[in-house]
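The chain contents come next:
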Amino acid sequence: MKAIKVGLLGIGTVGSGTFNVLRRNQDVIRGRAGRGIEIAMVADLNTERAREIVGDAAVVVSDAREVIANPEIDIVVELIGGYGIAKALVLEAIAAGKHVVTANKALLAVHGTEIFAAAHAKGVIVAFEAAVAGGIPIIKALREGLTANRIEWIAGIINGTTNFILSEMRGKGLDFGVVLKEAQRLGYAEADPTFDIEGVDAAHKATIMSAIAFGIPVQFDKAHVEGITKLQAADIKYAEQLGYRIKLLGIARRRSDLPNGGIELRVHPTLIPTQRLIANVEGAMNAVVVQGDAVGTTLYYGKGAGSEPTASAVIADLVDITRLHTADPDHRVPHLAFQPDAMNDTPILAMDDVVTAFYLRLCVADQAGVLSSITTILAENDISIDAVLQRESAEGEKQTDLIILTHDTVEGRMNKALSQMQALPTVLAPIVKLRKEELA
Ligand code: NDP
Ligand code: HSE
C-alpha cells in the first residue's frame, strides 16, 4: 500500500525530532502502522534551515497554506505553536478534510471546543498526544487504558522547564535565571518562557486532561494558575525539614462531596510528602498520577519535553491515524474520550471552594502570646493545625519564622483567617501561603 503523506507545519525543536525519528525508525513504524508514513512537505519560515534538516526527502515551502492545499497530503502536523496562525492553519486543514496532529496545548486548551467541533463535523481526527506531558502517553492512558474508571483526581508534574528549575535550584543551589537559560538551550521552554514559569503551560495541559477525565469542555479560563516565580528558597528548605518537596503540580479533582458536584482545576506550587514517588521526579522529567475508582492509583513517568521525546508522541498519533482513518468517524475513539453528546456541564469550582491543606510561613515578633493569637484565629475559623515549626531566633534577633501546616480546609476560610492574621501587629511581613497535597 502506498505511504500515507504528511505535511509538517514548523520544523523547529519538535518538528525536526519528528522528521528524524520517522526516518530513523521507518521500518518499525511501517510494520506497526501497516503502511509507510512519509513527510512529503514541510513549511517553515526559515526554509534554509528546513532544507538542511530534510535534504531532498521533502518539498520545503515557506507558506504553510501550500501544504494544506496539496491534495496529496493526508495528515497535517502543526508544530508552530501559539494561538495565532496555528489556529487558522488547523481550522483550514480540517476544512480541507485533512486529519491533524498537533503538540499545541495552548491552542487546544483555549480553542479546543471550536476545533473539536469542526473536526467532528468534517469527520476528521485531531490527535494531540504530544500536547500533554511530551513523550508520556497520558492522553492514550486516560482516553483508552482507563476508560472503565470514574476518574477521581489527576495530579501531575507537567512542565519540564519548571521542574528542571526547581530541581537545579534545590540540588545545586543555582540561580533561577541561570537554570531558565539552560532549559531554553535544551529546547524545553516555550517560545515565551513566562508560560512555563507562571504556570500557564501546566494549566493548558491540566485543562486538557480535565476534559478527558471528566467529560467536560476544555475551559482554560476557569483554571487557577500560579507559577514558581514567587517561590522562595526559605520555603523549599522549611518544607524539606517537615518532610515535603515543593513541586509545581497541575491538579484536576472531582468533588463528589458537593451537592451539585464540581471540579477543581488548579496549578500551583504544592508541598508533597517526600516519600511519594512523584515528589522524587527531578529535572525535566514529568509524571502524572491518576486515581481511578476501579484501578486505584497509577503513575506515568517520562520525558515531558525535548525534541525526540515529544516526536515519539507526535509519531504515535500519526500511526494511530494511519490505522484508524478509514474507520467510520462515529466509531473512532472520541477526541475528548466521551462521545460529544455525553459531555456534561459539571462546573469548575471557584478557588474559594477548593479544599486543600496549607503551609503557612509567618514572620513574627519573637515575643510571648504571638503563637496563641495566631492559633486562636485558626481555631475560630475552624482550621485544624497539623504541625508547627518555629525557627530558633539568633542571639539578639527580635523576629522569627513560624511555619504552620494545616489539615484540609476550604480555601475561602483560609483566606479569611489569613487576612485576620496579617492584621496582627506581631505579624511583620506578608504571610507565605502554599498548598499541600497528600496524594494518597
Ligand atoms: P519551535 O519554536 O522550536 O519551532 C516552531 C517552528 O515553527 C520554527 O521553526 C518556526 O520558524 C516555525 N514557524 C513559525 N511560524 C510559522 C509559520 N507561519 N509557518 C511555518 N512555520 C512557522 O517550537 P517547538 O518545536 O518547541 O514547539 C512546537 C509546538 O510543540 C508548540 O506548540 C509547543 O508548545 C509544543 N511542544 C513543544 C515541546 C518541546 O519540548 N519543545 C514539548 C511538547 C509540546 P522560526 O524559528 O523561523 O520562527
Ligand atoms: N515548555 C514545556 C515544558 C514543553 O517545559 O514542559 C513541553 O510541553
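Residues numbered from 1 in each chain as written. Chains lettered and ligands numbered in written order. Predicted model: local features only at pLDDT ≥ 70, side-chain atom pairs only at ≥ 80, totals over all residues. Heavy atoms only, no water.

## Focus on the pattern of salt bridges
If charged atoms from side chains of opposite charge come close, those side chains can pair. Counted according to the given criterion, the structure contains 35 salt bridges. In this structure, Glu240 and Arg245 form a salt bridge, with 3.6 Å as the shortest nitrogen-oxygen distance. Judged by its relative accessible area of 13%, Arg245 is buried. Linking Glu438 and Arg276 is a salt bridge whose minimum nitrogen-to-oxygen distance equals 3.8 Å. Taken together, the residues span a long stretch of sequence, with Glu438 in the segment after β17 (432-436) and Arg276 in the loop between β10 (263-273) and β11 (285-292) at a distance of 162 residues. Looking at Glu438, the relative accessible area reads 35%, which means it is partly exposed. Overlapping salt bridges bring together Arg253, Arg255, Asp257, Glu264, Arg266 and Glu437 as one network. (Salt bridge = Lys/Arg side-chain N within 4 Å of Asp/Glu carboxyl O. Buried < 20%, exposed > 50% of the residue type's maximum accessible area, 1.4 Å probe, protein only. Helix = DSSP H or I, 4+ residues; strand = E, 2+ residues; numbered from the N terminus.)

## Focus on helix α5 (residues 85-95)
Looking at α5, one finds that the buried residues are Ala86, Lys87, Leu89, Val90, Ala93 and Ile94. All buried residues of α5 lie within an arc of 165 degrees about the axis, which places them on one face of the element. The secondary structure elements touched by the buried residues of α5 are β1 (4-9), α4 (64-69), β4 (75-78), β5 (99-102), α6 (105-122) and β6 (126-127). Downstream of α5 by a residue or two, Gly97 has a phi angle that is positive, lying close to 80 degrees. (Arc of directions from axis to C-beta. Contact = heavy atoms within 4.5 Å.)

## Comments concerning the nonpolar core
As a rule of thumb, nonpolar side chains are buried together in soluble globular proteins. Counting residues in each nonpolar core, the largest one holds 83 residues, and the members touching the most others are Phe128, Ile138, Leu142, Ile208 and Val290. Of the residues forming this core, the biggest block, ten residues, is contributed by helix α11 (residues 200-214). (Core = buried A, V, L, I, M, F, W, Y, C linked by side-chain atoms within 4.5 Å.)

## Topic: the packing of aromatic side chains
As enumerated under the stated definition, the model contains three aromatic pairs in all. With centroids separated by 5.5 Å and ring planes inclined at 45 degrees, the aromatic side chains of Phe116 and Phe128 adopt a geometry described as tilted. You can see Phe116 sitting in helix α6 and its partner Phe128 sitting in the loop between β6 and α7 (138-145), a full twelve residues away along the chain. One exposure class covers both Phe116 and Phe128, and it is buried. Taking the centre distance of 5.7 Å and the plane angle of 75 degrees together, the rings of Phe164 and Tyr188 count as edge-to-face. With Phe164 in helix α8 (residues 160-172) and Tyr188 in the loop between α9 (176-185) and α10 (194-197), this residue pair connects regions lying 24 residues apart in the sequence. Residue Phe164 shares its accessibility class with Tyr188, and that shared class is buried. Note that Lys237 overlies the ring of Tyr238, its terminal NZ or CZ placed 5.2 Å from the centroid. (Phe/Tyr/Trp six-rings, centres within 6.5 Å; stacked < 30°, edge-to-face > 60°. Lys NZ or Arg CZ within 6 Å of the ring centre and 35° of its normal.)

## Observations regarding the site of ligand 1
Taken together, the neighbourhood of ligand 1 is formed by 23 residues, with Val14, Asp44, Arg49, Glu190 and Gly306 sitting nearest. Within the backbone of Thr13, one N or O atom sits 2.9 Å away from an oxygen atom of ligand 1. Burial of ligand 1 by the surrounding chains reaches 79%, relative to a free accessible area of 890 Å². Class assignment for the residues of the shell around ligand 1 results in ten nonpolar, nine polar and four charged. (Near = heavy atom within 4 Å. Polar contact = N/O pair within 3.5 Å; in protein donor to acceptor, adjacent residues only side chain to side chain. Areas by Shrake-Rupley, 256 points an atom, 1.4 Å probe, with all protein chains shown as cover. Nonpolar A, V, L, I, M, F, W, Y, C, P; charged D, E, K, R; others polar.)

## Description of the layout of surface pockets
The calculated volume of the largest pocket comes to roughly 1000 Å³. Taken together, 49 residues make up the lining of the largest pocket; nearest its centre are Leu79, Ile80, Gly81, Glu190 and Ala191. Of all the secondary-structure elements, those providing two or more residues to the lining of the largest pocket are α1 (13-24), α4, α5, α6, α8, α10 and α11. Its residues assigned to classes, the lining of the largest pocket comprises 20 nonpolar, 18 polar and eleven charged. Counting contributing residues per domain, the lining of the largest pocket is built from domain 1 (4-136 + 307-342) and domain 2 (139-303), each supplying no fewer than three. (1 Å grid on protein atoms, 1.4 Å probe; cavity = no way out; pocket = protein on both sides within 12 Å on 5 of 7 lines; lining within 4 Å. Points joined across faces, edges and corners; volume = space filled by probe spheres on them. Domains from an automatic or database assignment.)

## Re the site of ligand 2
What surrounds ligand 2 is the set Lys105, Asn159, Gly160, Thr161, Tyr188, Ala189, Glu190, Asp196, Asp201, Lys205, Gly304 and Ala305. One of the side-chain nitrogen or oxygen atoms of Asn159 is found 3.4 Å away from an oxygen atom of ligand 2. Taking Thr161, its side chain carries an N or O atom lying 2.6 Å from an oxygen atom of ligand 2. Contact with the protein chains hides 94% of the accessible area of ligand 2, taken as 250 Å² for the molecule alone. Taken atom by atom, the bulk of ligand 2 overlaps the largest pocket. Within the residue set of the shell around ligand 2, elements represented by two or more residues are α8 and α11. Residues that form the shell around ligand 2 fall into these classes: three nonpolar, four polar and five charged. (Sits in = over half its atoms within 2 Å of the grid points.)

## Looking at unusual backbone geometry
Its identity is not glycine, yet Ala133 carries a phi of approximately 60 degrees, on the positive side. Structurally, Ala133 can be placed in the loop between β6 and α7. Residue Ala133 is classed as buried on the basis of its relative accessible area, which comes to 0%. A positive phi angle, near 75 degrees, is found at Ala337, a position not held by glycine.

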